[in-house]
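The lines below spell out each chain.
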Amino acid sequence: MTASHHPSSHHVLPDRPPFAIRARILTPLTTGGTAFHPDGIIEVNAAGRIAWAGPAADRPDRQDGTAAVPFPEVDLRPLVALPGLVDLHAHLPQLPNAGLGAGLDLLSWLDRYIFPLERQFDDADAAAELAPAAFRTFAAVGTTTILAYGAVYAASMEGAFRAAESHGIRAILGKVMMDRITYDEQIDPSTILDRSLRESEDLCERWHGAADGRLGYAVTPRFAISCSAEMLRESAALATRTGAWWQTHVSEDPGEIAEVARLFPEALDYVDVYDRAGGLGPRTVLAHAVHLSDRELARLVESDTRVAHCPASNLFLASGVMPLGRFMDAGLAIGLGSDVAGGPDPSMFSVMRVGAFAQNARRTLIGDPHPVLGPLEWLRLGTLDGARALGLGDRIGSLEAGKEADFIAVDAGLTAPVRHVDLALDGDLESDTASLHAGGAFGDGDDPADIASRLIFRPHPDMVRGAWVRGRRLEGPRHPN
Ligand SMILES: [Zn+2]
């Protein structure tokens, strides 16, 4: 089956606001639970905000002159509109090696596949080549917000920000900081800390809050193994001073944890290394956090530190399986991350799928008593919870009036094991189309959990048909129109 034969491949997608889309709308709600409108409308005003969202039947009458701007309507049914996906952890320069190096442990994989690659991301030209393609790749799988690491080089980071600015994706990026073990052989060890701090501060000054808040800076010490205590402390102070995010890795792999204990004998545990540096808090996103002790978990919850759960990466590198239910019960603020290229696939649907399998494995293998998440809960983790982890829950993450219009249009019909025509409804093309518009002809029916389940467990590479940030359509999804 090719998408070009699919009835929904001919939609003309709106490029920029204002507009209204008519679609099947599926979204987590800020107040809890999920809304599903089989025939829904999202009105996006000229500023790229959601002016109204809900069932088409309840749409307020705009013929009476109350609307300041008319909303040209585009009918995208039977496509499903979802909030744009939020990827809390990725490495831009690593994308070319996604899927390579299976079977290695973290530290060997870094040496063999990653550091040589990041060393090539050393100037503006490298960024100009790679970054636009990377952002198109993320948009093509439905990611509209990304928190990502660059390499250690400031010039390539500048290029990556410029690429994000023109692409239109919502991006929080940071130049990687390393002063203990680094692949940057040009740098004088006696000046590396000062230089890294100065370059980070310069980038932060230029890009934090740029594009009217669509771009942000994350001060990015790579992880405790590659950073001195002083670099961790100074980088955390920089983030506090500037209001930027602070991101790093924690408790990913047993070998890494042992090495951190050796390097920081004064610390109680891995989390305490960052705590002593002043790195914990609501502007901090720690990737992985797989093997936390009870003390570490309690300290992260108490300090309101945010965690990027990266299950696909954790299984690709055999790092471990997070006890997700226990951590969520404890109140840990968690979203999802692809961790490309530690994770082999940039798709957040893929991350949800592996995460769900991993939790089922915990339950069957070691009797984890916590209930596993359903598809709508995974969808929430990859959208609204991710937005909240970034402190952006009031702006993005769900399709509700007042939020910025970051959303995707997904062809859920492509995820069905048989096409609607194979179901031989009644052989009448006209009523076939009517059924399509009612959304009932795909076998996913109008059950939001069924739709989410198919998107997560039977994904199709072309299913994301459009991705928008603030109502502006992003380049990336394969079939532009
Ligand atoms: Zn990572």
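Residues numbered from 1 in each chain as written. Predicted model: local features only at pLDDT ≥ 70, side-chain atom pairs only at ≥ 80, totals over all residues.

### Concerning the overall build of the protein
Helices and strands together make up the secondary structure of the protein, namely 16 helices and 16 strands. Burial analysis of the protein (481 residues in total) assigns 52% to the buried set. For the protein, restricting intrachain contacts to residue pairs at least 6 apart in sequence, the fraction spanning at least 24 positions comes to 76%. (Helix = DSSP H or I, 4+ residues; strand = E, 2+ residues; numbered from the N terminus. Buried ≥ 20, exposed ≤ 12 C-beta atoms within 10 Å, placed from the backbone. Contact = placed C-beta atoms within 7 Å.)

### Let's talk about the sheet that holds strand E4 (residues 73-83)
Two strands in a sheet stick together by hydrogen bonds in their backbones, pointing the same way (parallel) or opposite ways (antiparallel). Across the sheet, seven strands lie side by side as E3-E2-E1-E4-E14-E15-E16; this open sheet has mixed pairing. A strand with exactly one partner marks an edge of an open sheet, and here the two such strands are strand E3 (50-55) and strand E16 (472-473). In this structure, strand E2 (residues 34-44) lies alongside E3, joined through five bridges in antiparallel fashion. Bridging from a neighbouring strand, Ile42 pairs with Ala53 of E3. Against the sheet, helix H16 (residues 448-457) engages strand E1 (19-28), E2, E4 and strand E14 (407-410), with an angle of about 90° to E1. (Pairing = 2+ DSSP bridges. Axes fitted to C-alpha atoms, helices over the stretch in contact; angles between N-to-C directions.)

### As for helix H2 (residues 124-140)
For an α-helix, 3.6 residues make a turn, and residues three or four places apart therefore share a direction. If you check H2, its first and last C-alpha atoms are 24 Å apart, about what 17 residues at 1.5 Å a residue would give, namely 24 Å. Its maximal kink placed at Leu130, H2 deviates by approximately 30°, while the proline Pro132 follows within four residues. Packing partners of the buried residues in H2 comprise strand E5 (85-91), strand E6 (143-149), helix H3 (154-167) and strand E15 (464-469). Positive phi appears at Gly142, one or two residues downstream of H2, with a value of about 95°. (Expected span 1.5 Å × (residues − 1). Bend = angle between axes of the 7 residues up to and from the residue.)

### A few points about helix H4 (residues 192-207)
Along its 16 residues, H4 runs 22 Å from first to last C-alpha, staying within 8% of the 22 Å computed at 1.5 Å per residue. Inspection of H4 places Ser196, Ser200, Leu203, Cys204 and Trp207 among the buried residues, and these make up the whole buried set. The buried side chains of H4 occupy one side of the element, clustering within an arc of 100° when seen end-on. Across from the buried face of H4, at angles greater than 90 degrees, the exposed residues are Asp194 and Glu205. (Arc of directions from axis to C-beta.)

### As for the environment of Tyr149
Relative to the helices and strands, Tyr149 resides in strand E6. By C-beta crowding, Tyr149 is classed as buried, having 26 other C-beta atoms within 10 Å. A sequence separation of 27 residues divides Tyr149 from Val176, and the C-alpha atoms of the two residues are 6.2 Å apart. Not counting residues up to four positions away in its chain, the partners in contact with Tyr149 are His91, Leu92, Gly174, Val176 and Thr220.

### Observations regarding unusual backbone geometry
Backbone phi values are negative for most residues with the exception of glycine, while trans is the configuration of most peptide bonds. A cis geometry characterises the amide bond from Pro17 onward to Pro18, with omega recorded as 5°. The step from Arg77 to Pro78 runs through a cis peptide bond, and the omega angle for that step is 10°. Its place among the elements puts Pro78 in strand E4. The residue Ala318 is not glycine, and still its phi comes out positive at about 50°.

### Looking at the environment of Pro55
Counting through the fold element by element, Pro55 comes out in strand E3. Residue classification places Pro55 among the partly exposed residues on the basis of 14 C-beta atoms within 10 Å. Note: C-alpha distance between Pro55 and Ile42 (13 residues apart in sequence) is 8.9 Å. Non-local contacts of Pro55, meaning those with residues more than four positions away in its chain, are made with His37, Asp39 and Gly40.

### A few points about the packing of helix H12 (residues 348-366) against H16
In contact at an axis separation of 8 Å, H12 and H16 are set at 95° when each is read in the N-to-C sense. Relative to H16, the element H12 is oriented roughly perpendicular. Residues Phe349, Met352, Arg353 and Ala356 of H12 form the contact with H16, whose participating residues are Leu455, Ile456 and Phe457. Considered class by class, the residues forming the contact of H12 with H16 number six nonpolar, no polar and one charged. (Parallel < 35°, antiparallel > 145°, perpendicular 65-115°, else oblique. Nonpolar A, V, L, I, M, F, W, Y, C, P; charged D, E, K, R; others polar.)

### Concerning the environment of Ile169
The topology assignment puts Ile169 in the loop between H3 and strand E7 (170-174). Filtering out sequence-adjacent residues up to four positions away, Ile169 remains in contact with Phe135, Phe138, Ala139, Thr144, Ile146, Ala164, Val469 and Leu474.

### Focus on the confidence of the model for the protein
Confidence in the prediction for the protein averages 91 pLDDT; 89% of positions are at 70 or higher. Counting contacts from residues 1-8, a segment whose pLDDT is below 50, to residues more than four positions away or on other chains yields 14 contacts. (pLDDT = per-residue confidence, 0-100.)

### Regarding the nonpolar core
Core analysis: the largest hydrophobic core is formed by 137 residues, its most contacted members being Ile42, Ala81 and Val410. A per-element tally of this core places H2 first, with seven residues. Once you skip the residues sitting within four places of it in the chain, Ile42 turns out to touch Ala20, Ile21, Ile25, Ile50, Ala53, Ala81, Leu399 and Phe407. (Core = buried A, V, L, I, M, F, W, Y, C linked by C-beta atoms within 7 Å.)

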